[in-house]
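Each chain is listed here by its residues.
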Amino acid sequence: MIRAVFFDMGGTLDGDGLHWLDRFVELYARAGVSLPRETVRSAFDAAERLAASDEAIMSARLEDMIDRHVGWQLEHLSRDPRQTAPVGTDPCLEGECVEGLRLRLVSGFVEPVRSAAAVNVQVLRTLSARGLQLGVVSNGCGNVDVLCDDLGYSPYLSLVVDSRRVGLYKPDPAIYLYAAARIGIPPASVMMVGDSFERDIRPARSIGMKTAWLEGAAGRACPDRSCVDESLRALADLPDIIAMVDAKSRDVA
């Protein structure tokens, strides 16, 4: 029987399987700024590195966090020689236009997260009412607990494990062992739900956790089906899936 469910944050509890990088690629294109995916990735990765050591972000709510992240992306784009249209040559990336782009990117990112959170709160409420212990295990920037408060998740969570706070990082299975020990439930009775196969599913499975892979609305090819107990397209499907898994366990017993 499943006694606890752990969730990833980025791409999972803040959405339905869409990675942050993919969201930003789409947002730049929607804003009329044509950049190759590898250029957006370079800016995104640069922002991630800064976020990992930034002190202010450790207390940032969602809007503030994304505003800082986007600002770092745009700073990187202004000096990245691989760009097809560097800041200073493309009028869409100059002066006041840059600030307008920043606002569009931030609001375009935050609004769907808020919408997803409204649905995901219901998922957490349903699972908690069934007596399941719930937790978040995330490669965070030190503010995962702040985000959980901000998005309304905290009342339903028994623990929040933020990699920056505990010094353990996915895909190291040690972060999952740490979380299971904190909650006092053996890994075999825990289900890990995440959108990243390599960071969430494979390491959780390696220590005996059950796994639910959030494939996203379009679905993704599975690298190794033996690591996945359940697949889902949206978190809203999770309560029914867990009920089905538990029913199968009772039948076997």
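Calculation rules
Residues numbered from 1 in each chain as written. Predicted model: local features only at pLDDT ≥ 70, side-chain atom pairs only at ≥ 80, totals over all residues. Heavy atoms only, no water. Phe/Tyr/Trp six-rings, centres within 6.5 Å; stacked < 30°, edge-to-face > 60°. Helix = DSSP H or I, 4+ residues; strand = E, 2+ residues; numbered from the N terminus. Buried < 20%, exposed > 50% of the residue type's maximum accessible area, 1.4 Å probe, protein only. Pairing = 2+ DSSP bridges. Axes fitted to C-alpha atoms, helices over the stretch in contact; angles between N-to-C directions. Contact = heavy atoms within 4.5 Å.

Asks: Even after reading the chapter, I still don't get the packing of aromatic side chains, so can you show me in this structure?
Replies: Given two aromatic rings, one states the distance between the centres and the angle between the planes to describe the pair. Going through the model one piece at a time under the given rule, you end up with four aromatic pairs. Seen in terms of ring centroids, W20 and F109 are 4.9 Å apart; in terms of plane orientation they differ by 75°. Their pairing is edge-to-face. With W20 in helix α2 (residues 20-30) and F109 in helix α5 (residues 95-129), the pair connects residues that are 89 residues apart, well separated along the chain. When the ring of F24 is compared with that of F44, the centres are 6.2 Å apart and the planes differ by 50°; the resulting orientation is tilted. Of this pair, F24 sits in helix α2 while F44 sits in helix α3 (residues 37-53), placing them 20 residues apart in sequence. The pair F24 / F44 is uniform in exposure class, with both members buried.

Asks: For this particular structure, what's the right way to read the pairing of strand β2 (residues 133-138)?
Replies: Put simply, side chains in a regular strand alternate between the two faces of the sheet. Here β2 lies mainly inside the structure; five of its six residues are buried. The pairing of strand β1 (residues 4-7) with β2 spans four bridges and is classified as parallel. Along β2, the bridge assignment pairs V5 with L134. Examined bridge by bridge, β2 and strand β3 (residues 159-162) share four bridges and lie parallel to one another. Pairing of V136 across the sheet is with V160, part of β3.

Asks: How should I be thinking about the sheet that holds strand β5 (residues 210-214) in this particular structure?
Replies: Within a beta sheet, neighbouring strands are joined by backbone hydrogen bonds and run either parallel or antiparallel to one another. With parallel pairing, the six strands of this open sheet are ordered in space as β3-β2-β1-β4-β5-β6. With one partner strand each, in any of the chains shown, β3 and β6 (230-232) form the two edges of the open sheet. Within the sheet, the average angular offset between the axes of one strand and its neighbour, ignoring direction, is 20°. Note: strand β4 (residues 190-194) against β5, four bridges, orientation parallel. Of the residues in β5, the one forming a bridge with M192 is T211. On the sheet, helix α8 (residues 174-183) packs against β1, β2, β3 and β4 and is oriented at approximately 155° with respect to β3.

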